[in-house]
Amino acid sequence: MTHVNGAALAPLLAAELPAEMLAAVALRQRLHRDPRLSGQEDDTAEAVCAAITDGAEPLAAKPERVAGTGRLVRLGPATGPSVALRVELDGLPLVEQTGLAYASGSGVMHACGHDLHCAALVAVARAVRRMERDGLAELPRGLLLVLQPREEAAPSGAGDVLADPAFLAHDVRAVVGAHVQPVLPRGVVSARPGPVNASSDELLITITGRGGHAAYPHRSDDPVLALSQTVVALHHLVSRRVNPLDSAVLTIGKLDAGTAGNVIPASARAYGTIRALDLADRQRLREATREVVTHTAAAYHCTGTVQMVENEPVLHNDARLASAILPVLAGLGLRPDEEFRSCGSDDFSHFSDALPSVMLFVGVDDGSPGAPGLHDARFAPPDTVVGELANAYLAGLAGALQLLS
């Protein structure tokens, strides 16, 4: 049996994928029906590992635990350099409203496509095992399947995977992720080089004043009014502090103040996020936010403070790896895209900070008007997307192996 590198591997594995779709779709439906929250993904991880070996000989090496509830599964050569394919295990605290026969009824939902990602990865893993079992070819380098926990919650699961000795022992040289994207049409897969997802910082703004009776506002220092003016001012920052040709977002999504309509409270709070595709813009918006909060509050005889939680860095797709993957996507019947990027964030960015990495965005928009997006309780792409995701992962694997060779 011979080793096959790069693009020559893609058609071999693509030919094996159709035989794995029935099992992959069944896994997708099982995971969707019974999701787990961040940090509670042991059941999901075990189900994915079991699906890789279902009906076949046991794995050469047992799955390894990583970052608590995650798993690592290695295929191909047991030692030496490897390429990692990463999926996420966790769901979101949402009451599902899809009406699917396999909808979750637990108040937890796979509303970000993680069930689809896991099913696609299993299809690729089983295709690799089938290819080697049938004597068609062998992987020239190790393939590390990274079943990552806690993508939807802090602290980052990706950061913990990168720091785990179990991951470090596999000498990973490149990492590929794939994510469904309802902004892109079906059949399109984006592998744009450079920054493709924004950094993410959480904001907690507290305005403290002097409470009192709503009928006597002149005897109070109203933190609600000060916070209201602060929110309006913050929403102007991007348009006046960031180059119009750059991309950044500052959004306040939650306000919290008071206990009754006729009481001026002593404090008021706002919660929000800063997103930026450039590190300098990220720093500029952080500093400007502190200035606006401090000085706007002071103008109303109040005190303003900001707590910032630094979450994900900017996600950069490696240019050489993206260039190697793009032609493979086209060869598999997918339409490559080099334009898409967004101010969404993903902790895959920790991988891209540490190793040559590419996040592939797989389109799921079928043109239906008013179709739900990510993190919507109605979001549920069809089972057929599993095959397109599997081909995207396959293209990522082939491109990475081509570079390693």
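This text follows the structure it describes.
The structure contained in this document is the topic of the report that follows. These numbers were taken from a predicted model, which means no experiment stands behind them.

## Section: the overall build of the chain
Then, in step 1: Within the chain one finds 12 helices and 16 strands.
Then, in step 2: Taken against the 2.2 N^0.38 rule, which gives 22 Å for 405 residues, the C-alpha radius of gyration of the chain at 24 Å falls within 12% of a compact globule.
Then, in step 3: Projected onto its principal axes, the C-alpha coordinates of the chain cover approximately 85 × 45 × 45 Å.
Then, in step 4: When each of the 405 residues of the chain is scored for burial, the buried share is 52%.
Then, in step 5: Counting only contacts in the chain whose residues sit at least 6 apart along the sequence, the fraction spanning at least 24 positions is 83%.
Then, in step 6: Entry remark: accessible area of the chain is about 16600 Å², with carbon and sulfur atoms responsible for 53%.

## A closer look at the packing of aromatic side chains
Then, in step 1: One pass over the full model with this rule turns up three aromatic pairs.
Then, in step 2: Taking 6.2 Å as the distance between ring centres and 55° as the angle between the ring planes, the aromatic pair formed by Phe 167 and Phe 351 counts as tilted. Of the two residues, Phe 167 is situated in helix 6 (residues 165-168) and Phe 351 in helix 11 (residues 349-354); the sequence distance between them amounts to 184 residues. Across this residue pair, the class does not change: Phe 167 and Phe 351 are buried.
Then, in step 3: Seen in terms of ring centroids, Phe 348 and Phe 351 are 5.6 Å apart; in terms of plane orientation they differ by 45°. Their pairing is tilted. Both residues of the pair, Phe 348 and Phe 351, belong to the buried class.
Then, in step 4: Here a set of aromatic residues connected by ring pairs shows up, and it is made of Phe 167, Phe 348 and Phe 351.

## Side note on the packing of helix 2 (residues 21-33) against helix 4 (residues 114-133)
Then, in step 1: Two elements in contact, helix 2 and helix 4, have axes whose closest approach is 8 Å; the angle formed by their N-to-C orientations is 150°. Considered as vectors, helix 2 and helix 4 are oriented roughly antiparallel to each other. Along this stretch, helix 2 crosses helix 4, giving a crossing that reads as right-handed. Listed contacts from helix 4 to Met 21, Ala 23, Ala 24, Leu 27, Arg 28, Leu 31 and His 32 of helix 2 are Asp 115, Leu 116, Cys 118, Ala 119, Val 122, Ala 123 and Arg 126.
Then, in step 2: Residues that form the contact of helix 2 with helix 4 fall into these classes: 10 nonpolar, one polar and three charged.

## As for the layout of surface pockets
Then, in step 1: As a volume, the largest pocket reaches approximately 800 Å³.
Then, in step 2: Lining the largest pocket are 34 residues, with Glu 152, Ser 200, Arg 275, Ser 345 and His 375 positioned closest to its centre.
Then, in step 3: Where the lining of the largest pocket is concerned, the elements lending two or more residues are strand 5 (172-185), strand 8 (199-208), strand 10 (248-257), strand 12 (267-276) and strand 13 (303-310).
Then, in step 4: Residues of the lining of the largest pocket, tallied by class, amount to 13 nonpolar, 14 polar and seven charged.

## Some words on the packing of helix 1 (residues 9-16) against helix 12 (residues 385-404)
Then, in step 1: The N-to-C vectors of helix 1 and helix 12 enclose an angle of 155°; their axes lie 9 Å apart at closest approach. One way to sum up the angle between helix 1 and helix 12 is to call them roughly antiparallel. As for the relative orientation of helix 1 and helix 12, their crossing is right-handed in sense. Seen from helix 1, the contacting residues are Leu 9, Ala 10, Leu 13 and Ala 14; seen from helix 12, they are Asn 391, Leu 394, Leu 397, Ala 398 and Leu 401.

## Some points on the pairing of strand 8
Then, in step 1: Among the 10 residues of strand 8, seven are classified as buried, and the element is accordingly described as predominantly covered.
Then, in step 2: Where strand 8 meets strand 12, 10 bridges bridge the pair, whose relative direction is antiparallel. From the neighbouring strand, Ser 200 faces strand 12, where its bridge partner is Arg 275.
Then, in step 3: Relative to strand 13, strand 8 runs antiparallel, the two being bridged by eight bridges. Counterpart to Thr 206 in the pairing with strand 13 is Thr 305.

## Observations regarding the sheet that holds strand 5
Then, in step 1: Pairing within the open sheet is mixed, and its eight strands lie in the order 1-2-4-3-5-16-6-15. Each end of this open sheet is capped by a strand with a single partner; those strands are strand 1 (64-66) and strand 15 (335-337). Strand after strand, the sheet turns through a mean of 30° between neighbouring axes, direction not considered.
Then, in step 2: Pairing between strand 5 and strand 16 (residues 357-365): eight bridges, direction parallel. Bridging from a neighbouring strand, Val 180 pairs with Val 362 of strand 16.
Then, in step 3: Most of the contacts of helix 4 go to strand 3 (residues 82-88), to which it runs at about 145°, and overall it touches strand 2 (70-75), strand 3, strand 4 (142-148) and strand 5.

## Things to note about the side chain of Glu 96
Then, in step 1: With respect to the helices and strands, the residue Glu 96 is situated in the loop between strand 3 and helix 4.
Then, in step 2: Of the buried charged residues, Glu 96 lacks a salt bridge, with Arg 28 as the closest side chain of opposite charge at 7.3 Å.
Then, in step 3: Within the structure, Glu 96 has its side chain in polar contact with the side chain of Thr 98 (distance 2.5 Å).
Then, in step 4: Beyond its immediate sequence surroundings of up to four residues, Glu 96 is in contact with His 32, Ala 103, Ser 104, Met 109 and Ala 377.

Cut-offs and rules
Along each chain, numbering runs from 1 in the same order as the chain's sequence is written. Note on the predicted model: pLDDT of at least 70 is required for a residue's local features to be given, and 80 or more for side-chain atom pairs to be given and counted; whole-chain, interface and lining totals, by contrast, use all residues. Just so you know, side-chain values use all the structure's heavy atoms and leave hydrogens and water out. Numbering goes from the N terminus for both helices and strands, where a helix is a DSSP run of H or I of at least four residues and a strand is a run of E of at least two. Put simply, the radius of gyration uses C-alpha atoms, and a globule should come to 2.2 Å times the residue count raised to 0.38. Relative accessibility thresholds used throughout: buried, under 20% of the residue-type maximum; exposed, over 50%; partly exposed, between the two (1.4 Å probe, protein chains only). By definition in these notes, contact holds between two residues if any of their heavy atoms fall within 4.5 Å. Computed by Shrake-Rupley with a 1.4 Å probe, the accessible areas treat only the displayed protein chains as cover when residues are assessed. Any Phe, Tyr or Trp ring, taking Trp's six-membered ring, that has another such ring centre within 6.5 Å forms a pair; planes under 30 degrees apart are called stacked, those over 60 apart edge-to-face, and the others tilted. Only the stretch in contact is used when fitting a helix axis, every axis being a line fitted to C-alpha atoms; angles between N-to-C directions are given from 0 to 180 degrees. Every angle not falling under 35 degrees, over 145, or within 65 to 115 is termed oblique; those three ranges are roughly parallel, roughly antiparallel and roughly perpendicular. Crossings are assigned a handedness: left-handed for a near helix turned anticlockwise from the far helix by less than a right angle, right-handed for a clockwise turn. Three classes are used: nonpolar for Ala, Val, Leu, Ile, Met, Phe, Trp, Tyr, Cys and Pro, charged for Asp, Glu, Lys and Arg, and polar for all others, with Gly counted as polar. Cavity and pocket criteria rest on a 1 Å grid covering protein atoms alone: a 1.4 Å probe that fits but cannot get out defines a cavity, protein on both sides within 12 Å along at least 5 of 7 lines defines an open pocket, and an atom within 4 Å of a point defines a lining residue. Grid points are joined across faces, edges and corners, and a volume is the space filled by probe spheres set on the points. A strand pair is defined by DSSP finding two or more bridges across the two strands. We treat Lys and Arg as the positive residues and Asp and Glu as the negative residues; His and chain ends play no part in the count. We define a salt bridge as a contact between a side-chain nitrogen of Lys or Arg and a carboxyl oxygen of Asp or Glu at a distance within 4 Å. Here a polar contact means two N or O atoms within 3.5 Å. Within protein one must be a hydrogen donor candidate and the other an acceptor candidate, and residues neighboring in sequence count only if both atoms are side-chain atoms.

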